[in-house]
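# Per-entry structural report
Residue strings, one per chain:
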Amino acid sequence: MLRIKCPFCGERDHSEFSYGGDGSIVYPALDAPMQDWVEAVFQRENIRGMQTETWQHVNGCRTWLLVERDTMTHEIRSVRAAHPGVAKALEGSS
Amino acid sequence: MTRFSAWNVFRNGLTGQKGWSRQWRDPEPKKHYDVVVIGAGLHGLATAYYLAKNHSVRNVAVVEKGWLGGGNAGRNTTIVRSNYMMPGNREFYEHSLKLWENLSHELNYNVMFSQRAHVSLLHSPAAVDDAARRYNTMRLTDSDGELWDLEKLKHTIPYLNYGPNSRFPIIGAAVQRRAGTARHDAVAWGYARGADQHGVDILQNCEVTGVTRDNDKVVAIETTRGTISAGKVGFAVAGNTSRLWSMAGLGNLPIESHKLQAFVSEPLKPLLDHVVVFGVGGAHFYISQSDKGGMVFGGDIDWYKSYAQRGNLPIVQDVAEAAMSILPCLGRVKLLRHWSGVMDMSMDGSHFICKTPLNNLYLNAGWNYGGFKASPASGWYFADLIANDRPHPVVENHDLQRFERGINIDERGAGPDPKLHG
């Protein structure tokens, strides 16, 4: 069981969370060339090692999170809210 | 190499089993091979075998970082079936099933292929209609499939949970009788022995550490046992494809590595004569009984991306709950072992057997859940691709560019999210 330290709820089992996917994807503009969209939707770096990924605390505060996790050792380095405004607000409150 | 035959078994029984020779050689790497296949799993070994047998390409090496069959070949639930519906997939898997049917004879090696039928439980009229569509499509592709009503199912497999109070009452089943199971190690050993017999060098403990390119051509691979130059190179390393791909400097792939767990119980007396599959309302469970008596079963993938060959406990609990809901008689049975394999989960749940941006590099990857049953046809079509430098019509859409062309070979209709194709 992974333990994810939700910035709002505290440390919880990963079974409370839903895995999103690769958090490094930046979607192109709507009128960007088709090739850019193919890259963003279908192509993955598939890192073995530390990667940034999205998780949602579905059985908790429902916040989307950006988690830095090692895909080989499962070590979690950092957790922050995916929305920059929420991340900033939580930082200020702690 | 001694052939297996009733006479040889009898003769060696009388002479202290001294008349057997090694099943395959353990050669030193040569400086150059016409074809180097990376990965001595079922797919790599089958590829080498069919290259030599079907295409007379014999100066071939299969390079393996560990020992042959030590990866996902030994981390599966050994189920063989061809109940696929999408064009390309259905022809491919049906061809694979036909190869399985003759594999023991073909290889002179008993792969213990047991056509015990694959029984998918159905729980709603909509599921029955959907299965009718799928299994009719299979029949149109020269395969077999049938629907069983509840009476027939109860008569054949009486000890499933048919209780009226179950959350998802069983109302029938979709059945492929020619499907079944095989002995995973024997498939690896049989193909290795067959390939070796045709002159293929199987190089174990030989990890690829680099891929040397000359513009758009691979000239050599660097390994822990030295540099090996190659006329053509094939990647067959599902689970670690992205790592090898980036070693070749080729960027990203439509693949994520996820892990899938499987389980085996303590041995029991004969209980389950079929492969039974339960998948409804978020549950996913498949079970068969091995010849040693262990109940072999599995469920969903671990949900998050991982290269670790170890599973997590929430999935153990999920799978155990699914087991109890259809086979309550297993409630007191102890789990003996569980294991986890790393798989290429692709963006549409289907595989890649294709050419690559490099002229003499070929890719065999993206096997998702289905790698074991696919292995004979995978080797057959990959060898065909490498030897002829063009994809066979059956796999012409199983290339990396299909997404750009708007083609998704998506059996589940789950969309471009690798974790949903389990």
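### A word on the nonpolar core
All names here are of chain B. Formed by 52 residues in total, the largest nonpolar core has its most connected members in L45, F92 and Y191. For this core, the secondary structure elements donating two or more residues are β1 (32–38), α2 (42–55), β2 (60–63), α3 (89–101), α4 (103–107), α7 (184–197) and α10 (371–388). If we ignore the near neighbours within four places in the chain, the residues touching L45 are G39, A40, V62, L68, A188, Y191, A192, A195 and I202. Ranked by size, the runner-up nonpolar core spans 33 residues in total, among them V36, I228, V237 and I255.

### Section: the layout of surface pockets
Residue and element names in this part refer to chain B. Within this model, the second largest pocket holds a volume of roughly 690 Å³. Along the wall of the second largest pocket there are 32 residues; nearest its centre are R183, H184, S290, K292 and R337. Within the residue set of the lining of the second largest pocket, elements represented by two or more residues are α7, β12 (255–267), β14 (285–289), β15 (294–305) and β16 (335–346). Tallied by class, residues from the lining of the second largest pocket come to 10 nonpolar, 15 polar and seven charged.

### Quick word on the interface of chain B and chain A
Reports of interface size often rely on the accessible area that becomes lost once the parts have come together. Taken together, the 26 residues of chain B in the interface contact 25 residues of chain A. Linking chain B with chain A are one salt bridge, by the criterion used here. One salt bridge in this structure joins R44 of chain A and E256 of chain B, with 3.6 Å as the shortest N-O distance. Here chain B and chain A share 14 residue pairs in polar contact (both at pLDDT 80 or more) between them. Among the secondary structure elements, those contributing two or more residues to the side of chain B that touches chain A are α8 (241–247), β12 and β15 of chain B. If you tally residues by element for the side of chain B that touches chain A, the top one is β12 of chain B, at five residues.

### Quick notes on the packing of aromatic side chains
Tallied over the full model, the rule gives 21 aromatic pairs over all chains. Relative to Y304 of chain B, the ring of W55 of chain A has its centre 5.7 Å away and its plane inclined at 45 degrees; by these criteria the two rings are tilted. Here the residue W55 of chain A occupies a position in strand β4 (residues 50–56), and Y304 of chain B occupies one in strand β15, the pair thus bridging two chains. Residue class for W55 of chain A comes out buried when judged on its relative accessible area of 1%. Look at F285 of chain B and F297 of chain B: their rings are 5.8 Å apart centre to centre, the planes differ by 50 degrees, and that puts the pair in the tilted class. One end of the pair, F285 of chain B, is in strand β14; the other, F297 of chain B, is in strand β15, and 12 residues separate them in sequence. Both residues of the pair, F285 of chain B and F297 of chain B, belong to the buried class. Directly above the ring of W148 of chain B sits K152 of chain B, whose terminal nitrogen or CZ lies 5.0 Å from the centroid. K419 of chain B extends its terminal NZ or CZ atom over the ring of W303 of chain B, reaching a point 5.6 Å from the ring centre.

### Some points on the sheet that holds β16 of chain B
What holds strands together in a sheet is hydrogen bonding between their backbones, with the strands either parallel or antiparallel. Residue and element names in this part refer to chain B. The strand order across the open sheet built from eight strands is β5-β6-β4-β13-β14-β15-β12-β16, with neighbouring strands paired in mixed fashion. Across the chains shown, the open sheet's two edge strands, defined by having one partner strand only, are β5 (146–149) and β16. Across the sheet, the mean angle from the axis of one strand to that of its neighbour is 25 degrees, orientation sign disregarded. The pairing of β12 with β16 spans 11 bridges and is antiparallel. Each bridged residue has a counterpart across the sheet, and for E256 the counterpart in β16 is M345. Sheet contacts for helix α9 (residues 313–326): β4 (118–122), β12, β13 (275–278), β14, β15 and β16; angle to β15, the most-contacted strand, approximately 135 degrees.

### What to know about the pattern of salt bridges
All chains considered together, the criterion is met by 26 salt bridges over all chains. A salt bridge links R77 of chain A to E68 of chain A; the shortest N-O distance between them is 3.4 Å. Salt bridges here are not isolated pairs; linked through shared partners, they connect E94, K98, E101, D142, D144 and R178 of chain B.

### So, the pairing of β12 of chain B
All names here are of chain B. Counted residue by residue, β12 has 11 buried out of 13 residues, so it is predominantly covered. In terms of strand pairing, β12 meets β15 through six bridges, oriented antiparallel. Across the sheet, residue F263 finds its bridge partner in β15, namely F297.

### Notes on the sheet that holds strand β3 (residues 18–22) of chain A
Residues and elements named next belong to chain A. Spatial strand order, β3-β4-β5-β6: four strands in an open sheet with antiparallel pairing. Each edge of the open sheet is held by one strand with a lone partner, namely β3 and β6 (76–81). For this sheet, the mean angle separating the axes of adjacent strands, direction not counted, is 30 degrees. Pairing analysis gives four bridges linking β3 to β4, with the strands arranged antiparallel.

### Some remarks on unusual backbone geometry
What you tend to see is this: most non-glycine residues have negative phi, and most peptide bonds are trans. Residue and element names in this part refer to chain B. Look at N205: it is not a glycine, yet its phi comes out positive at around 50 degrees. Looking at the secondary structure, you find N205 in the loop between β8 (201–203) and β9 (208–213). At N215, a position not held by glycine, the phi torsion is positive, near 55 degrees. With respect to the element layout, N215 can be found in the loop between β9 and β10 (218–223). On the accessibility criterion, N215 (63% relative accessible area) is exposed.

### Some thoughts on empty space enclosed by the protein
Evaluated as defined, the whole model comprises one cavity of 30 Å³ or more. In this structure, the largest cavity occupies an estimated 40 Å³ of space. Around the largest cavity, the lining residues are Y19, G21, D22, R44, N46 and Q51 of chain A together with E256 and K305 of chain B. Here the lining of the largest cavity gets three residues from one element, more than from any other, and that element is β3 of chain A. Broken down by class, the residue content of the lining of the largest cavity amounts to one nonpolar, three polar and four charged.

### A word on α9 of chain B
Residues and elements named next belong to chain B. With 14 residues, α9 extends 21 Å between its outermost C-alpha atoms, agreeing within 8% with the 20 Å of an ideal straight helix rising 1.5 Å per residue. Within α9, burial applies to P314, I315, V316, V319, A322, A323 and I326. On the buried face of α9, the contacting elements are β4, β12, β13, β14, β15 and β16. Two or three places before I315, at the start of α9, stands the capping residue N312, its side-chain oxygen 3.3 Å from that residue's backbone nitrogen.

Cut-offs and rules
- Residues numbered from 1 in each chain as written.
- Chains lettered and ligands numbered in written order.
- Predicted model: local features only at pLDDT ≥ 70, side-chain atom pairs only at ≥ 80, totals over all residues.
- Heavy atoms only, no water.
- Core = buried A, V, L, I, M, F, W, Y, C linked by side-chain atoms within 4.5 Å.
- Buried < 20%, exposed > 50% of the residue type's maximum accessible area, 1.4 Å probe, protein only.
- Helix = DSSP H or I, 4+ residues; strand = E, 2+ residues; numbered from the N terminus.
- Contact = heavy atoms within 4.5 Å.
- 1 Å grid on protein atoms, 1.4 Å probe; cavity = no way out; pocket = protein on both sides within 12 Å on 5 of 7 lines; lining within 4 Å.
- Points joined across faces, edges and corners; volume = space filled by probe spheres on them.
- Nonpolar A, V, L, I, M, F, W, Y, C, P; charged D, E, K, R; others polar.
- Salt bridge = Lys/Arg side-chain N within 4 Å of Asp/Glu carboxyl O.
- Polar contact = N/O pair within 3.5 Å; in protein donor to acceptor, adjacent residues only side chain to side chain.
- Phe/Tyr/Trp six-rings, centres within 6.5 Å; stacked < 30°, edge-to-face > 60°.
- Lys NZ or Arg CZ within 6 Å of the ring centre and 35° of its normal.
- Pairing = 2+ DSSP bridges.
- Axes fitted to C-alpha atoms, helices over the stretch in contact; angles between N-to-C directions.
- Expected span 1.5 Å × (residues − 1).

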